[in-house]
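Structural description and commentary
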Amino acid sequence: MPQNTKYNQILDALQELLVKKNIQSISVSEIAQTAGIGKGSIYYYFPSKNEILEALIERNYKKPLETAKHLADQKDISPFTRMAMIFQACRNSTGEFLINNRQTNDDKEHAFLHQKYLHYLITELKPALTEIIRQGIETGFIHFDYPEALAEIVLIVLTVKLDNTLVPSTEEEMEETMVGLISLLEKGTGNPSGSLNFLKL
């Protein structure tokens, strides 16, 4: 369905409510009231509250996903440089994503919301990242037999660390994880030690 002002008003309303309330306690009527529209209008665009949440996640990560798809076609740029650009775009969007409801200590709420957007990011980014890795293999930049598996491994580690709520870490711990990931990438793809340090977030 094409997006318009009312569609985005609904998403804005849910995002506003999520800053101060749990998703389970937010009703469709409350979303409509916050958006300043009738409840019937909600159901014209979305069959359920869950669909609104998924659309909100999709909107917040639209930019990094567009970046990833665009970079998959930029074969004149090193595959690792393209990967770093994708990760930075994801980091920026994660920082702006107000869905990590900091005003509640509900662990189940955090787990539910973060599982939703981590799943979305990994699923949507994996094809583009796999293609970049495959191109790197074809051009000799990367030496690895399983591009799809490598893309998934990298995305799981990076998205969990970017999220930093499922496995809360200090800055030092996050840096150590990235150093470890880079070391594994260098060894697994046949690149010399230190050559991929620019991937650090």
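Remember, predicted model here, so these are calculated numbers, not experimental data.

This next bit is on the confidence of the model for the chain. Per-residue confidence for the chain averages 82 on the pLDDT scale, and 84% of its residues sit at or above 70. Per-element averaging of pLDDT across the chain places helix H6 (residues 79–96) at the bottom with 74 and helix H2 (residues 28–35) at the top with 95.

This structure, assessed with the given rule, holds six salt bridges. With a closest N to O distance of 3.4 Å, Glu131 and Arg134 form a salt bridge. One end of the pair, Glu131, and the other, Arg134, are both in helix H7 (residues 107–139), three residues apart, so they sit about a helical turn from each other. Overlapping salt bridges, with partners in common, bring together Lys126, Glu148 and Glu152 in one network.

Moving on to the nonpolar core. Core analysis: the largest hydrophobic core is formed by 56 residues, its most contacted members being Leu14, Ile31 and Leu199. The biggest single contributor to this core is H7, with eleven residues. When residues no more than four places from it in sequence are discounted, the contact partners of Leu199 are Phe80, Met83, Ala84, Phe87, Met178, Ile182 and Leu185.

Basis of the calculations
Residues numbered from 1 in each chain as written. Predicted model: local features only at pLDDT ≥ 70, side-chain atom pairs only at ≥ 80, totals over all residues. Heavy atoms only, no water. pLDDT = per-residue confidence, 0-100. Helix = DSSP H or I, 4+ residues; strand = E, 2+ residues; numbered from the N terminus. Salt bridge = Lys/Arg side-chain N within 4 Å of Asp/Glu carboxyl O. Core = buried A, V, L, I, M, F, W, Y, C linked by side-chain atoms within 4.5 Å. Buried < 20%, exposed > 50% of the residue type's maximum accessible area, 1.4 Å probe, protein only. Contact = heavy atoms within 4.5 Å.

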